[in-house]
Amino acid sequence: MRMLPRGAASLLIFSALTTAGPAVAQTCEFLTPVGGDGVTKIVTKTISPGKPLPFSRPNWNTDFFVTKPYSTYKLFFTADSSVSATYPIEAFLKFSDGSNLRVYNDNFTPTPGTGGSITVPTTPGKLVSQVNIKVGATDNMAATGFTYRISVQGCR
C-alpha cells in the first residue's frame, strides 16, 4: 500500500540509509491541518476545476502545521471516490526561513477506496514549519470531481 513512483523510491532508500543502526521504535503523531475543524487530522477534499471564475483559485493545496522537530514525515493518501482516477500529487516541506523543498511529484492511480503513503526525511539544517500536499493540476484535469483523503504524521 505504498506509492513508489519515480522519485519517491529514492526518498525511501535515502531514509533507510540515514537511519541505519540499532532498531529503535519511532513515535509518530498526526499533524493538524491548517484551517481544520480542530477535531479530525484527516482532510477530505474533492478536486475542483483549475480556475472556474476570474480571480478565483482552486482548492488544491492543504497544509499541515509542524510544531516540533521530527526526523521523518509520513504522508498518507486514500482515493475516496467509487471510480478509479489518476490523481496529480505534489508534496512539499515548507521551512521556517520561507524556503521549501518538493519531496514528491507524480500521478497516482490507486484502486478506489485504497491509497498509499510515502516517508520523507527532514532536511539537515532546516526547520520544517509546514507540510504541504497539492492534489490537482492545470495540465491534468482528469481527476476533477474526484474525492480523496490525506493526512500527515511527524515521526521521531
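Located above this text is the structure these notes cover.
Reference entry: report on the structure contained in this document.

The rules behind the values
Residues numbered from 1 in each chain as written. Predicted model: local features only at pLDDT ≥ 70, side-chain atom pairs only at ≥ 80, totals over all residues. Heavy atoms only, no water. Disulfide = S-S within 2.5 Å. Helix = DSSP H or I, 4+ residues; strand = E, 2+ residues; numbered from the N terminus. Buried < 20%, exposed > 50% of the residue type's maximum accessible area, 1.4 Å probe, protein only. Salt bridge = Lys/Arg side-chain N within 4 Å of Asp/Glu carboxyl O. Contact = heavy atoms within 4.5 Å. Pairing = 2+ DSSP bridges. Core = buried A, V, L, I, M, F, W, Y, C linked by side-chain atoms within 4.5 Å. Axes fitted to C-alpha atoms, helices over the stretch in contact; angles between N-to-C directions. Phe/Tyr/Trp six-rings, centres within 6.5 Å; stacked < 30°, edge-to-face > 60°.

Here we look at the state of the cysteines
Structurally, a disulfide amounts to a covalent bond that connects the sulfur atoms of two cysteines.
Then, number 1: In total, this model carries 1 disulfide according to the counting rule given.
Then, number 2: What pairs with Cys-28 in a disulfide is Cys-155, and their sulfur atoms sit 2.1 Å apart. Of note, the bridge from Cys-28 to Cys-155 carries an S-S torsion of about 110° and is right-handed in sense. Of this pair, Cys-28 sits in strand 1 (residues 28-30) while Cys-155 sits in strand 9 (residues 147-155), and the two are 127 residues apart along the sequence.
Then, number 3: Taking relative accessible area as the criterion, Cys-28 reaches 27% and is therefore assigned partly exposed.

Here we look at the pattern of salt bridges
Then, number 1: By the definition in use, this model includes 7 salt bridges.
Then, number 2: We note a salt bridge from Asp-63 to Lys-94, for which the minimum N-O separation is 3.2 Å. Here Lys-94 lies in strand 5 (residues 87-95) and Asp-63 lies in strand 3 (residues 61-65), a separation of 31 residues in the sequence.
Then, number 3: Here Asp-63 falls in the buried class, since its relative accessible area comes to 17%.
Then, number 4: Salt-bridge contacts for Lys-126 lead to Asp-97; the nearest nitrogen and oxygen are separated by 2.7 Å. Of this pair, Lys-126 sits in the loop between strand 7 (115-121) and strand 8 (128-135) while Asp-97 sits in the loop between strand 5 and strand 6 (100-108), and the two are 29 residues apart along the sequence.
Then, number 5: Given the relative accessible area of 32%, Lys-126 is considered partly exposed.

What to know about the environment of Ser-151
Then, number 1: Here Ser-151 lies in strand 9.
Then, number 2: The class for Ser-151 is buried, based on a relative accessible area of 6%.
Then, number 3: Among residues more than four places away in sequence, those in contact with Ser-151 are Phe-30, Lys-41, Ile-42, Phe-64, Lys-74, Leu-75, Phe-76 and Ile-133.

A closer look at the pairing of strand 2 (residues 43-46)
Then, number 1: With burial as the criterion, only one face of strand 2 is covered, namely that bearing Val-43 and Lys-45; the residues Thr-44 and Thr-46 on the opposite face remain uncovered.
Then, number 2: Bridge analysis of strand 2 against strand 9 gives 4 bridges, and the strand direction is antiparallel. Following the sheet pairing, Lys-45 is matched in strand 9 by Tyr-148.

A look at the nonpolar core
Burial of nonpolar side chains together is a common tendency in soluble globular proteins.
Then, number 1: Membership of the largest hydrophobic core comes to 31 residues, with the highest contact counts inside it found for Tyr-73, Leu-75, Tyr-87 and Val-131.
Then, number 2: For this core, the secondary structure elements donating two or more residues are strand 4 (72-79), strand 5, strand 6, strand 7, strand 8 and strand 9.
Then, number 3: The dominant element in this core, judged by the number of residues it contributes, is strand 5, at 5 residues.

A short note on the side chain of Thr-78
Then, number 1: By the element assignment, Thr-78 lies in strand 4.
Then, number 2: In this structure, Thr-78 is in contact with Gly-113, Thr-114, Gly-115, Tyr-148 and Arg-149, ignoring residues within four places of it in sequence.

A closer look at the sheet that holds strand 3
Then, number 1: Pairing within the open sheet is antiparallel, and its 4 strands lie in the order 3-8-5-6. Among the strands making up the open sheet, the edge pair consists of strand 3 and strand 6. When the angles between neighbouring strand axes are averaged without regard to direction, this sheet yields 15°.
Then, number 2: Sheet topology places strand 5 next to strand 8; 7 bridges connect them, and they run antiparallel. From the neighbouring strand, Ala-91 faces strand 8, where its bridge partner is Ile-133.

Examining the packing of aromatic side chains
Then, number 1: Counted under the stated rule, the structure contains 6 aromatic pairs.
Then, number 2: Measuring from centroid to centroid gives 4.9 Å for Phe-77 and Tyr-87, while their planes differ by 65°, and the two rings are edge-to-face. Highlighted residues: Phe-77 in strand 4 and Tyr-87 in strand 5, separated in sequence by 10 residues. Both residues of the pair, Phe-77 and Tyr-87, count as buried.
Then, number 3: By way of ring pairs, the aromatic residues Phe-77, Tyr-87, Phe-108 and Tyr-148 are connected into one cluster.

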